[in-house]
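Chain by chain, the residues run as shown.
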Amino acid sequence: MFVSPLREPLIQGHKTYKQISDDICAPVEAAPSKAWMIAVTLSGLLALTGFTMIGITITYGIGMWGLNKTVGWAWDITNFVWWIGIGHAGTLISAILLLFRQKWRTGVNRSAEAMTIFAVICAGLFPIIHMGRVWLAFFIFPYPNTRGPVWVNFNSPLLWDVFAISTYFTVSLVFWYTGLIPDLALIRDRTTSAFKKRMYNIFSFGWKGTAKNWQRFESISLVLAGLSTPLVLSVHTIVSFDFATSVIPGWHTTIFPPYFVAGAIFSGFAMVLTLMLVVRKVFNLQEYITLAHIEAMNKVIILTGSIVGVAYITELFTAWYSQNQYEQYAFLNRSTGPYWWSYWGMMTCNVISPQLFWIKKLRRNIVFTFFMSIFINVGMWFERFVIIVTSTHRDYIPSSWTMYYPTIVEIFIYLGTIGFFMTLFLIFAKVAPVIAVAEVKSILKTAGDQYTGPDAVHHHEEHKH
Amino acid sequence: MANKKILYGLYDDEVILIDAVKKVRSEGLKIHDCYTPFPVHGLDDAMGLRMTKLHSAGFVFGATGTLTALTFILWITTNNYPINYGGKPYLSLPAWIPITFELTVLFASVGMFLTYLYLNRLAPGVKPEIIDERTTSHLFAMTFEIDEHTSDNKKEEIRNVLTASGAVEIHEKEF
Amino acid sequence: MAEKKYWKGLEELNQAPESAQLTQLEFGEEVPVEFFDSSNDSTQSTRRDFLKVMGFSLTAATVAAGCEIPVKKVAPYIFKPEDVIPGIATWYASSYINGGDYCSILVKTREGRPIKIEGNTDSKVTKGGTSARVQASVLSLYDTSRLRSPMVKGKRGFDNVSWDEVDKAVAGKLAANPNANIRILTSTVLSPSTKKVFAAFAAKYPNTKIVSYDALSYSGMLMANMASKGKSEIPDYDFAKAKTIVSIDADFLGTWISPVEFTKGYTSNRKVSKEKPDMSRHYHFESRMSLTGSNADYRVAVMPSELGVVALNLYDAITGSNTAGGAKLKDEAKQARVKEAAEWLKKNRGASLVVSGCNDINVQLVVNAINDASGNYGNTISFDNASMLRQGSDSSVKTLVNELAGGQVNILMVYDCNPVYDHPMGAKLVDAMAKADLSISFASSMNETAESCGYICPDHHFLESWNDAEPKKGMYSLAQPTIMNLFDTRQMQDSLLTWSGSAITYHDFMIQAWTTGPLAGSIDSLNDFNKALQIGLYQPTSGNSITTAVEAAVTALAATTEVASVNTDISAAAGAILGMASKAQGLQIQFYESIAIGDGRYADNPWLQELPDPVSKITWDNYLNVSPAYARENKIEHGDILKVSVNGKDVMLPAAIQPGQNVNSVSVAVGYGRTVVGKGGAGIGVNVYHLLDASGECVNYMASNVTITNTGENVKLAQTQTHFSLNDGLGQRRIVKETTLAEYQHNANAGNEDRAEALAWKDITFYPDYFGKKNGFNWSMAIDLNSCVGCGACVISCNAENNIPIVGREEVIRSHEMHWMRIDRYYAGDEENPEVVYQPMLCQHCENAPCENVCPVGATNHSSEGFNQMAYNRCIGTRYCANNCPYKVRRFNWFDYGASDTFGAMNDPKGTEERGLLEDLTRMVLNPDVTVRSRGVIEKCSFCVQRIQEAKLTAKKGNRELKDGEFRVACQSACPADAITFGNSYDETSAIVHEAKDERTFGILEEFHWVPSVFYKTKVRNKDKADHKNEEALDIMDLYNYK
């Protein structure tokens, strides 16, 4: 039981365990607010539009998109990578920070993990609908069959993706739900309505919270964290293999795995911030998601942002140093070709702007942080677009160079997934505690402001201003 | 055994609970179990519980995953369906690493989760014996198993120990 | 009369009840609609109905799930025709005759359907070569716009009638007045027998005259030859013998007279090897960038009016006279080239050739004089086997129009031409025709002229016809039906014979003509005739011509046209030329024939419409070619709609910025903008024929004082290649390798030195040649960039062989074209005179194919014979392979172009339905040996694996090894330049191995170690090193960023 006296408290307002339960469960127990209803309806409608567009695509063909003989992937895979990247922050926060015993994670890990799962759902959608014959999608699974037999191609990065994404989804789900069970039990025990009791009893799997339960709980959390950490790294590494193992200038790049992972964390944290800043306001959980949390995440953003920046520069250097004309042209074309705007949009959003977080004031400025988080998500979308489209649209044989322009169908499928994501998240926030209650309680003594340890007084002072 | 009875004391702070547990055990009384709203570090030691074997189970599952992946792919690419893809060897191990790794993780985590549920007797719709509904929120319970054969002074002794160790409430409950 | 039925099985033909039903119902059983329709309360929906509906939705669901393909019943032969063996192709020798276009061909039929045309190697004229038009002609057989029966003009449009009715009516009219003035207006007729039919008809009706003209006229040349050589004929040019070729705007590789024949000869003298390290030297003077110009060693872009001046300067330089009187090209450099060309003509006296495409007597006279002066007559030019391919006379048409207008013509018959559309006086003709008592068109599908005729007596398609041809004097060619006429049509010749009361069919008439004609001497002439029919040719060494027999007759009845007395005096001609040149002011325009659409008769052929123009790479349109410089100074952008005023008439044309176009001139293709045409050509391009000036003796295909105003509107042109240069700004991409003849003679490796370095990396690999070299087959292809002229015959041949779908204009604009074989075109050097190189591009069948590794389902993988093969059924359409293909040869079915979708034809709202292969009739052209790909799968060149398998099986049945060159892949067999070699690279004796060992051979991007199976041979240009510009970028690199 130790905490650095210099750390400011992660839970404020002299909470007792009772209060914590009350505060965090309040939004779940209260009747849905008007704001919530409106939000769900809007995002739901957006999602619906998206699915309609998917329907159109499947009915008529991929020709409804702006792709062509030279640019075979564009928004579809851009969105896929973007969503996957966003998903990664959740796992990262819950797993890696758990391993590093970062107490501040408890405030955000629950919703971060939820975000992961929903993001992965959105991501997984794209590789499926981008298929020309989606009704044969089951071909990608190595299942015994009477066709010869015919098996899949284990050399294909796309197949690795299939395994990576499905594993990632499953593990995240397991991890998330393990943590969710005790908190659902809490609601079960608090609620008065018989119906709710029955429902929450079903979903809490009959949790009791005995010493042995908790012992196993700790054990599995730790191991799952241990597994998820390499997993999350592997997933985006494999996603980057889709490009890294190909032969297209601008794709064929060994730097991709670390570069993609950093980018993923980068965008993921940004998305977590976007959501948390809203959640803490709407459900007024400011005392559980404090400036300390926000600042900590902003620090991670500076770090990953800079890593990404270094990666961009390295790419340029390598292109020049390789003396490979095709490679060189790929990057010349990125920065000065017809898609220059996407390249420089990426640079500004991802590399230049996050550097502002070196200033403590901005780091702790909620409004600024919010806009920055949006900014970064845009930038990271651009990054994927730059990599995918500007590389393919002008590759080896100039005769085949083309331009790519999205169609309305593509655009709305993308917006649709955002709507879908929001819908899922809003529903989640209504039915389950957005903060891991049990875990917060477990750090109350060590990181709360009524900390009863040796330097308690010091903390009180810290808290006053 | 006939209908089960539980005698338990409720505490409002985990630090007190842990001391209490130590005290009670030194008195030579057999604690049935403790119910806490969150993982209390050191409680299992105080109660003298064995460390769980769950993680070792995880390792076994993981190993199974690795093996499954490798043998399956090996059989397909070299034996059942050898196809020349871009002039690469049938047995091109580097290409298999990603999938092998993923399956390892998948087997390990899913296997562990199921074991975890089984050991904790967790499953959708299981009706738990709830000692006190506040134990998932903010109170800590220490329970003792008793039955009609339990002598009254035995109960009395337990009650005294509980009060002495700082229990805020003491109840008996029948299941 | 009911539409003629083309049936897929006897069952359907006889309308067996269930098949009849099947054609209406998607699902076997009737669905109780009233179940859904509550308003109709008389019907009670029973539980049974409910179950039916459930069943229906279930089926629907399964279909949607792609588990069940809608059933189409086929029936096997009950009485099998003896010459039809299912699955085995039957070949017929025949002749492709379409106006002045001729080719000796072999027709491949499957189950009685002609599906593919190949060149006939026995022909001394076309020597087995074909053109895009020839290849595509098989599709026009199944053109949905073909007329189903004879028609007569009624109150409201045309009504179908029976042949008897037509014959009664026409015969009546003829009988009424045997001395009626009858005019038969026709394009050039190659068939001697047809001429005899005319003669026979004329014998019955004495006042019959034959008026023949060519939509793209050569009468200037004919008249010049008449004047200077006493023969109104086009001589026989031998490009193979010519060491120096000077062309003054003669597009002899693309459209001029007999391109296939000339390409054969020309390229035979462009191939260089260690054995023969020499090639012809080709100078080209023209105003627009033509296919031939783009292949020249030295090309000079001059104004149309300067072409004559060039001719005069050449003449002066050779003869030392001074006819030009100091007139010369303004640009010194250009003038120097003229001198240089003259030097080379002198150097190769008697082995050179000067040709001109000008339809101007004077220029042609000068050209004849130059050829005389350089002693080419009797060597490279001869009248012994004079070409019969162009016989039209411009003035005769004018006479006819005036006669008609004057009401002196009672009966007009229009055969195989469309003057209303393609003659400058077309509009006048429409009114004039109305004055004739009877006008008959033999058009096989409705066109502008037929529309204003009283009767339409549709002719057979040439694949349904008996016919003969005499493309060159004394060289005969026969055509026989390869399928029974699909519709209720009749050959023009039969119609005429019927009307002239003769009892015999044209078939018998033809045999008579032959037995009394060319085969008169032979003992068993009928047998000889059948022999000739078998090979489709009769080419006696000493030409005794049946035309001679009928010539007298025909020429007698050919419209007597008052030919202005042409002087053979060069100085006079010079005067005329210079006069014209000085008159030509302001911006000049030139009208030209496009490679694909020709004079417009091919406008209804979607294959040809979608064939990119070899130079501009634009499909589905005609456009005004403007030079980059002109565009820059007049703020014209690619696709801007321009208002073009020529000879006081206006047209709206989209601008196409075309490097190589002379700065002071523009050009536009005729043959587009057909108004009365099938859906293939509907609404495509703009008709510019009416802009031509026909006031002179010959139609003038040039005009000056053109004004252009930019309307500001902009359209996207359906262009398959928008980037011009191999130099991306960082240097030249080593995708095409070039050298000059001098360098090559000095070092066979010239231009290809860097290959050694590229191959040196071969062994530095993670997987050292894992599959190693096996016995058996490893298929490989070599393409000689020096032979390839870029004509595009291979592209269409590939379309026909591999059932490649048409996608239509809109889809080409979106870069969705499906061609497996494309021809990349790159420019280098300066804008007005760029060096051009053509590179046929197809799947390279890499040994270490990048596409194969990335397919998650292994739908594309490597065969033991070195194919990079596609399993369409396995493909789920991730397009990863297409992304990862460095050559970008993989094509994705964005929509259901082939109408073979699991769901049934379900196309995008605007898309392919319009022009695609979706009609049952059109689908009869499909090759049953090749899968029609469904929506959502990737496809690409398969090296014509079906042909290889067939050849292997034949060899196996013969219990022998497959011989090298025993079969040819589609692109190879179509090529008139013999640029493509294909074969087994494990067979050391094979031609392909010989090619692969050549110093000029290289693979594209070899340094990356994908190990392509397709090789290219360095392009060698016969020019000085100093003039060789291939490393330079063109000022405009592409049209996307062009500003």
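All figures in this text were calculated on a predicted structure; none of them were measured in a lab. (Residues numbered from 1 in each chain as written. Chains lettered and ligands numbered in written order. Predicted model: local features only at pLDDT ≥ 70, side-chain atom pairs only at ≥ 80, totals over all residues. Heavy atoms only, no water.)

Q: Outline the overall build of chain B, supporting the account with residue identities and numerical values.
A: Counting its regular elements, chain B contains 5 helices and 4 strands. Counting helices and strands in the order they occur from the N terminus, chain B gives β-α-β-α-α-α-β-α-β. Radius of gyration (C-alpha) of chain B: 26 Å, far over the 16 Å computed for a compact globule of 175 residues. C-alpha extents for chain B along the principal axes are approximately 85 × 35 × 25 Å. Summing over all exposed atoms, chain B offers an accessible surface of approximately 8,300 Å²; the carbon and sulfur share of this is 61%. Between the averaged position of the 16 positive side-chain charges in chain B and that of its 21 negative side-chain charges there is a distance of 6 Å. (Helix = DSSP H or I, 4+ residues; strand = E, 2+ residues; numbered from the N terminus. Rg over C-alpha atoms; globule rule 2.2 N^0.38 Å. Areas by Shrake-Rupley, 256 points an atom, 1.4 Å probe, with all protein chains shown as cover. Lys, Arg positive; Asp, Glu negative; His and termini not counted. Charge placed at Lys NZ, Arg CZ, Asp CG, Glu CD.)

Q: Residue-level account of the overall build of chain A, with values.
A: Check the secondary structure of chain A and you find 16 helices and 0 strands. Its C-alpha radius of gyration of 23 Å places chain A within 12% of the 23 Å reference for a compact globule of 465 residues. The buried share of chain A, reckoned over its 465 residues, is 67%. Once local pairs closer than 6 in sequence are excluded, the contacts in chain A between residues at least 24 apart make up 81%. With an accessible surface of roughly 15,800 Å², chain A has 74% of that area assigned to carbon and sulfur atoms. Computing the positive centroid from 33 side-chain charges and the negative centroid from 23, chain A places the two 6 Å apart. (Buried < 20%, exposed > 50% of the residue type's maximum accessible area, 1.4 Å probe, protein only. Contact = heavy atoms within 4.5 Å.)

Q: Tell me about the interface of chain A and chain C, residues and numbers included.
A: With 62 residues of chain A in contact, the opposing surface of chain C contributes 71 residues. In this assembly, chain A packs against chain C so that about 5,200 Å² is buried in total across both faces, 56% of it on carbon and sulfur atoms. Considering only the side of chain A, the residues that lose the most area to chain C are K69, R133 and W135 of chain A, jointly responsible for 15% of the buried surface there. Between chain A and chain C we count 3 salt bridges in total. Here K888 of chain C ties to D395 of chain A by a salt bridge, and the two come within 2.9 Å at their closest N and O atoms. Applying the counting criterion to the chain A and chain C interface returns 40 residue pairs in polar contact (both at pLDDT 80 or more). Of all the secondary structure elements, the ones that give two or more residues to the side of chain A that touches chain C are α2 (34-60), α5 (157-190), α7 (211-244) and α10 (325-336) of chain A. When residues in the side of chain A that touches chain C are grouped by element, the largest group, 5 residues, is from α10 of chain A. Residue composition of the side of chain A that touches chain C, grouped by class: 33 nonpolar, 23 polar and 6 charged. (Buried area = accessible area lost by both parts, 1.4 Å probe. Salt bridge = Lys/Arg side-chain N within 4 Å of Asp/Glu carboxyl O. Polar contact = N/O pair within 3.5 Å; in protein donor to acceptor, adjacent residues only side chain to side chain. Nonpolar A, V, L, I, M, F, W, Y, C, P; charged D, E, K, R; others polar.)

Q: Any details on the pairing of strand β14 (residues 411-415) of chain C? Residues and values, ideally.
A: All names here are of chain C. Extensive coverage of β14 is indicated by the burial of 5 of its 5 residues. Neither face of β14 is exposed, since I411, M413 and Y415 on one face and L412 and V414 on the opposite face are all buried. As paired strands, β14 and strand β15 (residues 438-441) are joined by 4 bridges and run parallel to one another. From the neighbouring strand, V414 faces β15, where its bridge partner is S441. (Pairing = 2+ DSSP bridges.)

Q: Run through the interface of chain B and chain A, naming residues and quoting values.
A: Contact with chain B, which involves 64 residues of that partner, is made by 58 residues of chain A. Remark: the boundary between chain B and chain A carries 1 salt bridge. For the pair chain B and chain A, the number of links is 16 residue pairs in polar contact (both at pLDDT 80 or more). Counting residues per element, the side of chain B that touches chain A draws most heavily on helix α4 (residues 97-119) of chain B, which supplies 15 residues. Each residue belonging to the side of chain B that touches chain A can be placed in one class, and the counts come to 39 nonpolar, 13 polar and 12 charged.

Q: An account of the packing of helix α7 (residues 219-229) of chain C against helix α12 (residues 361-373) of chain C is requested, with residue identities and associated values reported.
A: Residues and elements named next belong to chain C. Where α7 contacts α12, the axes come no closer than 8 Å and their chain directions differ by 50°. Between α7 and α12, the angle falls in the class oblique. Seen along the crossing, α7 lies across α12 with a hand that is right-handed. Contacts between α7 and α12 pair G220, M221, M223, A224, N225, A227, S228 and K229 from the former with I361, Q364, L365, N368 and D372 from the latter. Here the residues of the contact of α7 with α12 sort into 6 nonpolar, 5 polar and 2 charged. (Axes fitted to C-alpha atoms, helices over the stretch in contact; angles between N-to-C directions. Parallel < 35°, antiparallel > 145°, perpendicular 65-115°, else oblique. Left-handed = near helix turned anticlockwise from the far one by under 90°.)

Q: Account for the sheet that holds strand β23 (residues 649-657) of chain C, with residues named and values stated.
A: Residue and element names in this part refer to chain C. Within the closed barrel, the 6 strands sit side by side as β20-β24-β21-β23-β22-β25. Their pairing is mixed. The sheet shows a mean angle of 45° between the axes of neighbouring strands, direction not considered. Across 3 bridges, strand β20 (residues 587-593) lies against strand β25 (residues 702-714) in antiparallel orientation. When the sheet's bridge partners are listed, I589 is paired in β25 with A703.

Q: A description of the sheet that holds strand β9 (residues 244-248) of chain C should follow, citing residues and the corresponding values.
A: Adjacent strands of a sheet form backbone hydrogen bonds with each other and so pair up, either parallel or antiparallel. Residues and elements named next belong to chain C. Strand order in the open sheet formed by 4 strands is β11-β10-β9-β12, and the pairing between neighbours is parallel. The open sheet has two edge strands with one neighbour each: β11 (298-301) and β12 (352-356). With strand direction ignored, the average angle separating the axes of adjacent strands in the sheet is 10°. Judged from the 4 bridges that link them, strand β10 (residues 281-286) and β11 form a sheet pairing that is parallel.

Q: For the packing of aromatic side chains, give the residues involved together with the corresponding values.
A: Using the criterion set out here, one finds 80 aromatic pairs over all chains in the structure. Members of the aromatic cluster, connected to one another through ring pairs, are W75, W82, W83, Y339, W341, W381, F382, F385, Y404, Y414 and F421 of chain A. Over the face of the ring belonging to Y377 of chain C we find K229 of chain C, whose NZ or CZ atom lies 3.8 Å from the ring centre. A cation over a ring is seen here: R879 of chain C above F892 of chain C, with NZ or CZ 5.1 Å from the ring centre. (Phe/Tyr/Trp six-rings, centres within 6.5 Å; stacked < 30°, edge-to-face > 60°. Lys NZ or Arg CZ within 6 Å of the ring centre and 35° of its normal.)

Q: Go over the confidence of the model for chain A with me, naming the residues and quoting the values.
A: Residues and elements named next belong to chain A. Looking at chain A, the pLDDT average stands at 85 and 93% of residues meet or exceed 70. By mean pLDDT, the top-scoring element of chain A is helix α14 (residues 408-431) (92), and the lowest-scoring one is helix α16 (residues 456-464) (41). Taken as a whole, residues 1-5 scores under 50 in pLDDT and shows 10 contacts with residues more than four places along the chain or in a different chain. Note that pLDDT drops below 50 for residues 453-465; the model gives that stretch 21 contacts with residues more than four away or on any other chain. (pLDDT = per-residue confidence, 0-100.)

Q: Describe the nonpolar core, with residues and values.
A: Formed by 380 residues in total, the largest nonpolar core has its most connected members in M142 of chain B together with Y237 of chain C. Per element, the largest residue contribution to this core is 19 residues, and it comes from α5 of chain A. (Core = buried A, V, L, I, M, F, W, Y, C linked by side-chain atoms within 4.5 Å.)

Q: Before we move on, could you go through the pattern of salt bridges and cite the residues and values that matter?
A: All names here are of chain C. Summed over all chains, the structure comprises 68 salt bridges over all chains. Across the pair E118 and K116 runs a salt bridge whose closest N-O atoms are separated by 3.9 Å. Put simply, R809 and D621 hold a salt bridge, and the shortest N to O gap is 2.7 Å. Highlighted residues: R809 in helix α27 (residues 809-813) and D621 in the loop between α22 (606-609) and β21 (624-626), separated in sequence by 188 residues. Taking relative accessible area as the criterion, R809 reaches 18% and is therefore assigned buried.

Q: Describe unusual backbone geometry, naming the residues involved and giving the relevant values.
A: The phi dihedral of Q323 of chain A is positive, around 60°, even though this residue is not glycine. Although it is not a glycine, D249 of chain C sits at a positive phi angle of roughly 60°. With respect to the helices and strands, D249 of chain C occurs in the loop between β9 and α8 (259-268).

Q: Account for the environment of C941 of chain C, naming residues and giving values.
A: Residue and element names in this part refer to chain C. Looking at the element boundaries, C941 is found in the loop between β33 (938-939) and α31 (945-957). Residues C941 and V889 lie 52 residues apart in sequence; the distance between their C-alpha atoms is 7.9 Å. Beyond its immediate stretch of four places on either side in the chain, C941 contacts W820, L842, C843 and H845.

Q: So what's going on with a nonpolar patch on the surface? Which residues, and what values?
A: Residues and elements named next belong to chain A. Residues I38, L42, L45 and L48 make up a contiguous nonpolar surface patch of roughly 410 Å² in combined accessible area. Locating L48 in the fold gives a position in helix α2. Owing to a relative accessible area of 54%, L48 belongs among the exposed residues under this scheme. (Patch = residues over 30% accessible without salt bridge, like charges linked within 9 Å, V, L, I, M, F, W, Y side chains within 5 Å.)

Q: Which residues make up the side chain of E410 of chain A, and what are the values?
A: Residues and elements named next belong to chain A. The topology assignment puts E410 in helix α14. Among the polar contacts made by the side chain of E410, one reaches the main-chain amide nitrogen of T407 at a distance of 2.8 Å. The residues touching E410, leaving out its near neighbours within four places in the chain, are W65, G66, L67, W75, Y404 and Y405.

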